[in-house]
Amino acid sequence: MGYLSLTRPRWLLLLILAAVILPGAVQAETTKQRILADVTLGKSIGAVVAVVLAYGSIFLIEQLTAWLSEKVARRYRLLIKQSVPFLKGLILIITVSYLLDQFLNLTQNNLLALTGTLAVALGFAFKDYVSSIIAGVVSLFEASYRVGDRVRIGDHYGEVVGYGLRSVQLVTPDDNNVTIPHNLLWTDPISNANSGNLEAQVATDVFFDHKVDADLVVEILYQAAYSSQYTQLRLPVLVVMEEHLWGSQFKLRAYPMDARDEFVYRTDLLMRAKRAFALHGLAYPNPSPALFQQANQRSCEDQP
Amino acid sequence: MLIVLSRPVEPIAPLIEAVLSGWNDPAMAGHALLPCRKRPVDPEAVPLMLKAVLEGSLPPGRCDDEKALLSLPNLEQCFLRSIDGWGGIDRLRQVALERRDRFWLLGCNSWAWKFLDHVSQISSYFPEARILPAVEGAALRDWLAPVATDLAPAGSAGQEADAELWCQLAELGAGCSRIAAELWVRGLRLDPDGGSQTLRQVRPSLPDLPSLIDDDRYLLHSLLIHGTMRRNHLAFGLGLPSHRLQPRIQWLLGEGLITESAGELSVRPSHYPCLVKELASNNFFTGDL
């Protein structure tokens with residue numbers, strides 16, 4: 001699926017180039033320097049071979065990196081995944097450069113004429129498309145999101161599994177594939193949980209009655225984090241507390257060794273903590289409906 | 001106060017006990033803090049084991065103003081990685097600070113020490129941790145000499161090649177006698193020239209690790225932290241029901257990565273060097289020396 005969405009932009013780009021270049025080339029035949037070079041059988045075969053090679057290389061890179069990244073140690077997984085967009089970009093640049101060199105006379109004047117025509121055509125007809133491509137290139141260097149990162153873009157949260165010319169592919173915790181165009185980068189905030197690292201912070205909330213022994217709850221939460229086999233002990237563990245009308249909220253912030261374990265980690269923390277809470281008979285909040293209503297009203301007033 | 005650290009595959013308790021068995025210093029009485037080496041069967045009782053001893057009165061010296069040596073050669077057996085599982089260690093930390101009139105001799109596996117340092121900052125209280133010295137080729141040869149007598153005699157280039165072999169064994173075993181000894185046993189072959197009764201030593205090598213999944217790594221990491229463990233302790237520490245853990249334990253036993261003796265699971269020493277690399281590459285903390 002991701003494969004199709006990645007190859008489509010390249011074909012579209014070639015079509016656009018052809019559509020823009022050909023009329024210009026016909027006009028230029030009256031001038032001394034033609035934009036379009038002579039099309040021979042050899043060049044045509046070379047072009048087809050180049051496109052097939054590029055197509056095959058991208059396919060191979062995608063398959064190979066997807067396989068290899070799951071076989072190697074965690075430390076190298078993200079490194080391999082993050083190399084995919086660069087490798088694909090490199091192949092694309094080499095192929096397009098070769099095709100342009102084969103079919104166009106790229107002198108200084110021709111280049112100016114060509115880029116001018118392209119700018120007008122793309123600016124009007126394919127504004128969003130070009131915007132996505134540029135955003136994709138910017139994001140590649142800005143690293144707002146990379147393959148393997150866990151990000152929230154708009155309403156969608158998941159692991160970045162594909163990085164195309166026009167869009168990025170996420171796999172959500174429900175195992176759905178979501179394709180999001182890069183140009184959302186210009187307007188939407190992007191929340192990245194791990195930014196190229198293996199670890200991502202996991203926040204786990206527990207709620208208690210106001211009368212609960214806060215020291216005991218905090219101690220149990222710390223120990224739940226330290227005792228979990230998923231916890232990255234090299235990174236800090238923190239418990240913060242917040243008061244509400246209906247009870248006390250405790251938030252445990254800790255890092256699993258692998259961001260992919262996010263949900264199983266939270267479950268493990270909660271199960272460990274709940275066993276200990278039950279052992280100590282800690283009271284959960286039991287708010288009256290009136291308090292809930294009050295709390296809701298307050299939160300509505302707080303919102304701008 | 002003295003803490004001796006060793007690798008998880010090299011139990012230090014027998015070593016300390018052997019040293020203390022000959023202890024006969026008239027100036028200082030020696031006492032073992034715990035009567036047994038292993039954790040109690042009930043995992044909930046593990047932290048209580050040390051707490052109970054420390055809550056009572058500590059063994060006295062021969063007279064009131066005399067110092068006493070208190071030994072705890074198996075610190076890794078006194079905790080479990082579970083909520084309140086290292087309560088006994090916290091208590092020990094506190095008592096050792098209060099009772100400066102006792103000389104504390106602790107033995108611990110380096111992974112357990114690293115874990116306790118993460119969760120309890122134990123090295124701030126016991127900074128004098130010493131590492132068990134690495135065994136060298138010559139010492140290894142002398143140690144194994146009594147059982148190596150039946151080996152085929154070395155050839156003409158014998159002495160030098162023999163010394164090189166022992167050095168190689170010590171190096172592959174990273175200076176750990178248990179690893180080196182197991183590699184040595186793995187390298188024994190029937191000598192084709194000497195009939196069926198003669199053995200010869202081939203070039204030693206570390207065994208390859210089988211392909212592991214994440215569940216295996218968590219299990220092995222837990223085993224390395226705790227040294228040796230019963231199955232129910234392992235399940236308790238990992239927060240999993242036993243029936244979910246058993247298939248992976250059986251698989252690891254089948255692959256020869258772990259071994260079971262008297263109901264206690266432990267990592268096979270010869271796999272330890274590769275396992276350390278494997279776990280470190282997968283973002284686990286390691287306590288290798």
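So, a few notes on the structure that sits alongside this text. (Residues numbered from 1 in each chain as written. Chains lettered and ligands numbered in written order. Predicted model: local features only at pLDDT ≥ 70, side-chain atom pairs only at ≥ 80, totals over all residues.)

What follows deals with the overall build of chain B. A tally of regular secondary structure across chain B gives twelve helices and nine strands. Whereas a compact globule of 289 residues would reach a radius of gyration of roughly 19 Å, chain B reaches 21 Å, a difference of no more than 12%. When its C-alpha atoms are laid out on the principal axes, chain B stretches across 65 × 50 × 30 Å. Sequence separation of 24 or more characterises 75% of the internal contacts of chain B that already satisfy a separation of 6 or more. (Helix = DSSP H or I, 4+ residues; strand = E, 2+ residues; numbered from the N terminus. Rg over C-alpha atoms; globule rule 2.2 N^0.38 Å. Contact = placed C-beta atoms within 7 Å.)

Below, the discussion takes up the environment of N194 of chain A. Residues and elements named next belong to chain A. Structurally, the position occupied by N194 is in the loop between β5 (190-192) and β6 (202-208). Taking C-alpha positions, N194 is 8.1 Å from V151, a pair spaced 43 residues apart along the chain. Setting aside anything within four residues of it in sequence, one finds N194 in contact with D149, R150, E199, A200 and A259.

All names here are of chain A. Where β6 meets strand β8 (residues 248-254), seven bridges bridge the pair, whose relative direction is antiparallel. Its bridge partner lying in β8, D205 is registered against K251. From the end of strand β7 (residues 238-243) to the start of β8, which pair antiparallel, there are four residues. (Pairing = 2+ DSSP bridges.)

Frequently, the measure chosen for interface size is the accessible area removed from exposure when the parts meet. In this complex, chain A contributes 19 residues to the contact, which on the side of chain B involves 17 residues. Contributing elements (two or more residues each) for the side of chain A that touches chain B: α3 (74-103), α7 (214-227) and α8 (262-280) of chain A. Considering every element that reaches the side of chain A that touches chain B, the biggest residue donor is α7 of chain A, with five residues. Partitioned by chemical class, the residues of the side of chain A that touches chain B number nine nonpolar, four polar and six charged. (Nonpolar A, V, L, I, M, F, W, Y, C, P; charged D, E, K, R; others polar.)

It is worth spelling out unusual backbone geometry at this point. Look at S195 of chain A: it is not a glycine, yet its phi comes out positive at around 45°. With 13 C-beta atoms counted inside 10 Å, the residue S195 of chain A sits in the partly exposed group. Even without a glycine there, the phi angle at D84 of chain B is positive, about 65°. In this structure, D84 of chain B sits in the loop between β3 (68-72) and α3 (87-98). Taking the number of C-beta atoms within 10 Å as the measure of exposure, D84 of chain B has 19 and is therefore partly exposed. (Buried ≥ 20, exposed ≤ 12 C-beta atoms within 10 Å, placed from the backbone.)

The next thing to look at is helix α4 (residues 108-125) of chain A. Its 18 residues place the ends of α4 of chain A 26 Å apart at the C-alpha level, agreeing with the 26 Å of an ideal helix rising 1.5 Å per residue. The buried count for α4 of chain A comes to one of 18 residues, which makes it a mostly uncovered element. (Expected span 1.5 Å × (residues − 1).)

Any functional reading would require information that these geometric values do not contain.
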